[in-house]
Amino acid sequence: MKKEIIISCDSTYYTKTCNDFRFQSSVRAYPKLAETLKWISKKGAEKLEVPVEDMRVVDVAFHHSIAPRKALLCDSKRRMSLVHDVSDWVDLGIRPVLYPLAPENGGKKFVEKEVDVGLALDTYATAIAKGASIVALVAGDRDFCPLLERLSANGIETLLVTHPGTTSKRLE
């Protein structure tokens, strides 16, 4: 019987912690991501003690903040970069979930506000809807502790994919 795994990535965390991977408008950047997804499936199989061929990835979501619409409309280079990134993700079977940056300080600065909460809600809803056996979370922020607790309470195994020195003590 196949075990379903969903993978949710905080793209900011992923790009900050993987020095050899960058979100660029270049297909050459994405084989590393494909390798990472295979590695996550292997680790999920080990955790569930099933052969890796019995693992089936049913959803891969990249949660990514983007410039506000007005900034995208005014900056064709930024807009085309986003179009290429999203196209490459979709070609790899990744579901992009985009969040506009929020204006701060009278619109002079833009900050990420909704990604962590959105990622947690989307991950939980997707895990329940798809009947996931395991959820792999690529993130290191303690804001995800309630998500991991709730998944565990519902009998869903979790696999936290982090990098040394970048993970909240509470998540460890």
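The following paragraphs examine the structure supplied in this document. (Residues numbered from 1 in each chain as written. Predicted model: local features only at pLDDT ≥ 70, side-chain atom pairs only at ≥ 80, totals over all residues. Heavy atoms only, no water.)

Let's shift gears to the sheet that holds strand β2 (residues 55-66). What the five strands build is an open sheet, ordered β3-β2-β1-β6-β7; its pairing is parallel. Taken across any chain shown, the strands that pair with only one partner, and hence form the sheet edges, are β3 (95-100) and β7 (157-161). Within the sheet, the average angular offset between the axes of one strand and its neighbour, ignoring direction, is 20 degrees. Bridge count between β2 and β3: six bridges; the pairing is parallel. For histidine 64, the partnering residue across the bridge sits in β3 and is leucine 98. Those strands touched by helix α5 (residues 115-130) are β1 (3-10), β2, β3 and β6 (134-138), and its axis lies near 170 degrees from that of β1. (Pairing = 2+ DSSP bridges. Helix = DSSP H or I, 4+ residues; strand = E, 2+ residues; numbered from the N terminus. Axes fitted to C-alpha atoms, helices over the stretch in contact; angles between N-to-C directions. Contact = heavy atoms within 4.5 Å.)

Counting 17 residues, the largest nonpolar core has Ile5, Ile7 and Ile40 as the members making the most contacts within it. Of all elements in the fold, only β1, α2 (30-48), β2, β6 and β7 reach the threshold of two or more residues within this core. Apart from residues lying up to four places away in sequence, isoleucine 5 is in contact with Ile40, Ser41, Gly44, Met55, Arg56, Val57, Val58, Asp59, Ile134 and Ala136. Among the nonpolar cores identified, the runner-up in size contains 14 residues, and Ala120, Ala139, Leu147 and Ile156 belong to it. (Core = buried A, V, L, I, M, F, W, Y, C linked by side-chain atoms within 4.5 Å. Buried < 20%, exposed > 50% of the residue type's maximum accessible area, 1.4 Å probe, protein only.)

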